[in-house]
Amino acid sequence: MTLRVIAIDGPAASGKSSTAAAVARRLGWAHLDSGALYRAITLAALDNVGEQGAGSGEQWSAVRIVALAEELPVRLVLVDEVFRPEVAGVDVEQAIRSERVTHRVSGLAAIPEVRHWVNVRQREAVLGHPGGVVVDGRDIGTVVFPDAPLKVFLTASPEERARRRLAQAGEGAAGQIDPERLRRETEALAARDRADATRRVAPLRAAADAVRLDTTRLSLDDQVGRVVALARQRFPG
Ligand code: CDP
């Protein structure tokens, strides 16, 4: 039986999650944002292990963090076809977007034991949802679901991605973004991309059989339309 999963990967703020969410809605599939799970574990670690020693991957205790994720627990809950992150029974979809979490998440995502734990959760979610799941992240097509019948790798120029991220945060509506703020955000994204692309385990890269889509000049509607068209070809009926 064909695995009903669509893998959407790409660098920070390339539009993966918005695209994956809209594609899932149009196909009537569920949406799983794997980054949300990495962010939820980061939030749990910051709140329970503390800021100390949270500087880089090596300084976090892998065993302690995975045990914490099991105990609290950190998990995904399916609500209206969207897998939402929860920590100790509380929905953390908003809390995980804070600067504090964003700043630490790549360090935590570099820990092999954490990645393994997240990957098991993702596979359980997909196997338990035979209707189909659109999963977005960094290593979905390469590591988590290498057999996905459709893999998409989204890119966009760093500046465009920074602009989108600031707009998403409610800053600089209608093109009024402060140039200095834009420069800093572009740098922060580039630093996270470097960390994600150069780490030893499951680095950010496109699978050999992924469809690459540069979205710098595409609207969200256009990019969603393209992925939906590919999905209808790969998953007929
Ligand atoms: O902010 P953005 O949407 O670009 O990132 P995200 O999808 O929320 O992911 C946050 C961080 O989690 C990334 O910078 C990666 O370090 C990590 N991540 C990962 O390593 N593998 C994934 N499949 C998803 C996220």
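Residues numbered from 1 in each chain as written. Predicted model: local features only at pLDDT ≥ 70, side-chain atom pairs only at ≥ 80, totals over all residues. Heavy atoms only, no water.

1. Here's the deal with the domain arrangement of the chain
Phase 1: Splitting the chain by domain gives domain 1 (1-27 + 140-237) and domain 2 (30-130).
Phase 2: Placing the centre of domain 1 and that of domain 2 at their C-alpha centroids yields a distance of 20 Å.
Phase 3: Listed per partner, the contact involves 18 residues of domain 1 and 16 residues of domain 2.
Phase 4: A buried area of about 1,400 Å², summed over both sides, lies between domain 1 and domain 2, and 58% of it is on carbon and sulfur atoms.
Phase 5: Counting the surface domain 1 buries against domain 2, the share from its top three residues, Val 144, Arg 192 and Arg 199, is 31%.
Phase 6: Run the count over domain 1 and domain 2 and you get zero salt bridges.
Phase 7: At the boundary of domain 1 and domain 2, one finds three residue pairs in polar contact (both at pLDDT 80 or more).
Phase 8: Listing elements by their share of the side of domain 1 that touches domain 2, those giving two or more residues are helix H1 (16-27), helix H6 (140-144) and helix H8 (179-198).
Phase 9: In terms of residue count, H1 provides more of the side of domain 1 that touches domain 2 than any other element does, four residues in total. (Domains from an automatic or database assignment. Contact = heavy atoms within 4.5 Å. Buried area = accessible area lost by both parts, 1.4 Å probe. Salt bridge = Lys/Arg side-chain N within 4 Å of Asp/Glu carboxyl O. Polar contact = N/O pair within 3.5 Å; in protein donor to acceptor, adjacent residues only side chain to side chain. Helix = DSSP H or I, 4+ residues; strand = E, 2+ residues; numbered from the N terminus.)

2. Description of unusual backbone geometry
Leave glycine aside and you will find that most residues have negative phi; peptide bonds, for their part, are mostly trans.
Phase 1: Cis geometry marks the peptide bond from Leu 72 to Pro 73; its omega dihedral reads -15 degrees.
Phase 2: Even without glycine at this site, Asp 80 takes up a positive phi of about 50 degrees.
Phase 3: For Asp 80, the position within the fold is in the loop between strand E3 (74-79) and strand E4 (82-87).

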